[in-house]
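# Overview (structure and organization)
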Amino acid sequence: MPYIFLFVKGAFMNNQTYIFGHKNPDTDSICAAIAYEYYKRSTGDANVVATRLGPINRETRFALEKFGVKEPMLINNIKPQVLDMNYYQIKPIYTVNSIKKAWDSMAEQGRIITPVLNQDHSLAGVITITDIAKYYIGLTENTVLREMQTPFVNIVGVLEGKVICGDYIDPYVQGDLYTIAELRAGEKLTDTDIILTGNNEKLIHASIETGAGCVIITDVDMDKLNVNVPKHIECAIMCVPHNFFKAVKLINQSIPIKNIIKNNKIVYFGTEDTIDEVKDVMLVSPYRHFPIVNKQGEVEGVISKRHILDMKKKKVILVDHNENTQSAQGIEQAEILEIIDHHRIANIDTQTPVYLRAEPVGCTCTIIAKMYNEANIMPPREIAGLMLSAILSDTLCFKSPTCTEEDRKIATKLAKIAEVDLIEYGTELISTGGALDKISPIEILEGDVKIFTTDEHKISISQVNTTCLKSLDRIKSALVEEMDKYQQNKDLDLVVVIVTDILLGGSTIIVVGADKKYADQAFGIEADKDSIYLQGVCSRKKQVLPRLMQALQNI
């Protein structure tokens with residue numbers, strides 16, 4: 001059976017380690033993340049998940065579909081979020097629950113505020129101890145249970161009672177509440193009214209004769225139910241263990257919590273809100289506690305201002321990059337555990353020691369495939385196919401100067417596991433990704449782009465591979481126009497596009513921007529031209545970037 005990935009779409013998950021490549025991911029970044037997730041899980045780490053920082057390009061999508069693997073979850077940034085806080089868990093209190101249940105729950109958890117939920121677990125409002133307190137002073141109006149639409153079962157629960165015979169007429173209290181002491185002899189009630197009486201045979205009979213829909217008998221031994229009730233009565237008879245005066249005080253607390261919650265101008269946060277956003281709100285809010293809700297609108301818990309100080313950083317593993325500018329937004333606030341890369345060591349800062357594996361090979365997946373061999377792990381066909389795809393892409397089917405003998409050796413082995421012809425599949429892969437007439441100019445610019453920054457210059461270098469360089473002629477004017485817009489929108493000093501023909505073994509270099517003179521010197525472009533074809537130039541890392549950086553230093 002094929003290996004199926006169980007990627008989770010949507011929110012971050014606590015305690016997960018996120019594996020991702022660079023922004024605007026190429027095939028190596030995506031496939032390395034997926035392959036390394038499988039490797040980590042195979043070696044005992046279940047809390048890892050492959051992710052990506054940008055859209056899937058055509059070439060990568062072809063590889064994923066070829067081997068039946070789903071694309072990784074997209075993340076926009078790695079900044080700490082509400083879900084990374086050690087927030088308070090809550091016991092759910094719903095709008096129909098009694099005031100007493102809310103009070104007891106808050107007392108048990110030591111909370112002075114709690115969210116109140118609708119039946120779909122969404123946030124209805126919040127209540128505080130102060131909001132509830134006034135309902136603990138006892139019965140106020142005999143109409144209060146009816147007016148507050150109190151469920152009849154709330155009364156049973158609050159008074160810890162038991163209905164021993166008969167049924168109340170409605171699920172909700174529809175009448176008024178009386179005590180036997182306040183009624184005149186012979187006074188009649190309706191079949192929706194409720195009457196409280198002591199455990200006295202004469203008082204019980206008198207209460208029943210009022211015609212009330214429910215008679216509540218107080219001070220009953222609930223183990224023996226020592227009450228004398230006439231047979232064949234229709235009203236509900238409820239026995240409660242509390243004495244008469246305590247029952248009078250408690251019954252008010254059966255009012256549903258929805259009647260006293262605050263639901264105007266509620267301040268709450270989403271689990272995916274960043275800590276920076278939370279801080280800004282908390283600083284100006286008079287409140288100290290705030291409900292948090294997930295993407296489905298369900299309440300997850302409560303946070304307070306002190307939780308800002310008790311925050312867990314997201315754990316990440318970087319593949320195919322180690323530069324801040326190429327990594328996820330907020331990477332400086334994450335805990336980097338590992339770096340697996342084949343580029344130069346750049347400017348990623350770590351606060352603790354990390355596992356770093358960087359080798360001068362043509363592809364990150366070459367390193368990961370070596371790790372499989374070292375751990376005696378046989379990758380399934382799908383994983384082998386993805387690692388092969390990355391190597392073929394990064395080395396341009398072994399024609400790039402970055403390609404090493406290790407890349408060739410490992411790719412040959414992976415092709416056998418993936419059950420594909422090495423060169424035939426490589427040509428098919430790259431020609432699919434580099435059909436220039438099927439790619440929009442902005443896709444060419446952003447499909448595989450890296451930003452390089454020096455003290456005085458900010459440069460983007462994009463690369464696209466093709467098997468038909470002549471097709472560039474049909475789109476070049478539109479591409480240059482888009483490059484001009486891109487340079488202005490991104491505030492860049494120089495925009496470079498490398499169009500590499502893997503069959504010819506060379507590239508056309510196209511440049512625009514205020515710093516064009518540096519590119520002219522680096523690549524021999526005439527001042528009145530915007531491009532040049534360079535035979536034998538295929539590598540951004542080894543042949544384009546070094547020459548450009550040298551020109552920046554010399555002029």
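Look a little higher up for the structure.
What comes next concerns the included structure. (Residues numbered from 1 in each chain as written. Predicted model: local features only at pLDDT ≥ 70, side-chain atom pairs only at ≥ 80, totals over all residues. Heavy atoms only, no water.)

## Some points on the overall build of the protein chain
The helix and strand tally for the protein chain stands at 17 helices and 21 strands. Relative to the compact-globule value of 24 Å for 555 residues, the protein chain shows a C-alpha radius of gyration of 36 Å, a clear excess of over 25%. Across its three principal directions, the C-alpha atoms of the protein chain cover 110 × 50 × 45 Å. Every one of the 555 residues in the protein chain was classed for burial, and the buried ones make up 56%. Restricting to contacts in the protein chain with at least 6 residues of sequence separation, those with at least 24 account for 64%. By element, 49% of the accessible surface of the protein chain is carried by carbon and sulfur atoms, the whole surface being about 25400 Å². (Helix = DSSP H or I, 4+ residues; strand = E, 2+ residues; numbered from the N terminus. Rg over C-alpha atoms; globule rule 2.2 N^0.38 Å. Buried < 20%, exposed > 50% of the residue type's maximum accessible area, 1.4 Å probe, protein only. Contact = heavy atoms within 4.5 Å. Areas by Shrake-Rupley, 256 points an atom, 1.4 Å probe, with all protein chains shown as cover.)

## A short note on the packing of helix 1 (residues 27–42) against helix 10 (residues 364–374)
Their axes nearest at 9 Å, the elements helix 1 and helix 10 cross at an angle of 15°. With respect to helix 10, the axis of helix 1 lies roughly parallel. Once helix 1 is placed against helix 10, the crossing between them reads as left-handed. In this structure, helix 1 uses Asp28, Cys31, Ala32, Ala35, Tyr36, Tyr38 and Tyr39 to contact helix 10, whose residues at the interface are Thr364, Cys365, Ile368, Met371 and Tyr372. Split into classes, the residues belonging to the contact of helix 1 with helix 10 amount to ten nonpolar, one polar and one charged. (Axes fitted to C-alpha atoms, helices over the stretch in contact; angles between N-to-C directions. Parallel < 35°, antiparallel > 145°, perpendicular 65-115°, else oblique. Left-handed = near helix turned anticlockwise from the far one by under 90°. Nonpolar A, V, L, I, M, F, W, Y, C, P; charged D, E, K, R; others polar.)

## Observations concerning the sheet that holds strand 13 (residues 299–304)
Pairing between the strands of a sheet comes from backbone hydrogen bonds, and it takes one of two forms, parallel or antiparallel. Taken together, three strands build an open sheet; the order of strands is 11-12-13 and the sheet is mixed. The open sheet terminates on both sides in strands that have one partner only, identified here as strand 11 (269–270) and strand 13. Two elements, strand 11 and strand 12 (residues 289–293), share two bridges in a ladder whose sense is parallel. When the bridges of strand 12 are listed, Phe269 appears paired with Ile292. (Pairing = 2+ DSSP bridges.)

## Concerning the pattern of salt bridges
Scanning the entire structure with this criterion turns up 18 salt bridges. The residue Glu443 makes a salt bridge to Arg58 at a minimum N-O spacing of 3.7 Å. Pair noted here: Glu443 is in helix 14 (residues 441–447) and Arg58 is in helix 2 (residues 58–66), with a separation of 385 residues, a long-range link. According to the relative accessible area criterion, Arg58 is partly exposed, its value standing at 36%. Where Asp448 meets Arg540, a salt bridge forms, and the shortest distance between an N and an O atom there is 2.9 Å. Remark: Arg540 occurs in helix 17 (residues 540–554) and Asp448 occurs in the loop between helix 14 and strand 17 (449–453); sequence separation between them is 92 residues. No difference in accessibility class separates Asp448 from Arg540, as the two residues are buried. Through salt bridges with shared partners, a single network forms among Arg357, Glu359, Lys370, Glu374 and Glu406. (Salt bridge = Lys/Arg side-chain N within 4 Å of Asp/Glu carboxyl O.)

## A few points about the packing of aromatic side chains
If you walk through the whole model with that rule in mind, you get eight aromatic pairs. Plain terms: the ring middles of Phe62 and Tyr425 are 6.3 Å apart, the flat faces sit at 20° to each other, and that makes the pair stacked. A residue pair is termed long-range when its members are at least 10 positions apart, and Phe62 in helix 2 and Tyr425 in helix 13 (residues 422–433) qualify at 363 residues. Grouping residues by exposure puts Phe62 and Tyr425 together as buried. (Phe/Tyr/Trp six-rings, centres within 6.5 Å; stacked < 30°, edge-to-face > 60°.)

## Considerations on the environment of Ile423
With respect to the secondary-structure elements, Ile423 resides in helix 13. Residue class for Ile423 comes out partly exposed when judged on its relative accessible area of 46%. Considered as a pair, Ile423 and Thr412 are eleven residues apart in the sequence and their alpha carbons are 9.6 Å apart.

## Looking at the sheet that holds strand 8 (residues 194–197)
Overall, mixed pairing links the five strands, which are arranged 6-10-9-8-7 in an open sheet. Each edge of the sheet is formed by a strand with only one pairing partner; in this case those strands are strand 6 (162–165) and strand 7 (177–179). Pairwise comparison of adjacent strand axes, ignoring direction, gives a mean angle of 25° for this sheet. Helix-sheet contacts for helix 7 (residues 201–209) involve strand 8, strand 9 (214–217) and strand 10 (236–239), and the interaxial angle to strand 8 is about 170°. Sheet contacts for helix 8 (residues 244–251): strand 7, strand 8 and strand 9; angle to strand 8, the most-contacted strand, approximately 150°.

## Structural notes on the nonpolar core
Ranked by size, the top nonpolar core spans 55 residues in total, and within it Tyr372, Met387, Leu388 and Tyr425 carry the most contacts. When contributions to this core are tallied by element, the ones reaching two or more residues are helix 1, strand 2 (48–52), helix 2, strand 14 (315–319), helix 10, helix 11 (381–394), helix 12 (405–418) and helix 13. Per-element tally for this core: the top contributor is helix 1, with nine residues. Ignoring any residue separated from it by four or fewer positions in sequence, one finds Met387 in contact with Ala35, Cys365, Ile368, Ala369, Tyr372, Pro379 and Leu414. Of all hydrophobic cores here, the second largest spans 35 residues; its members include Ala102, Leu196, Cys214 and Leu250. (Core = buried A, V, L, I, M, F, W, Y, C linked by side-chain atoms within 4.5 Å.)

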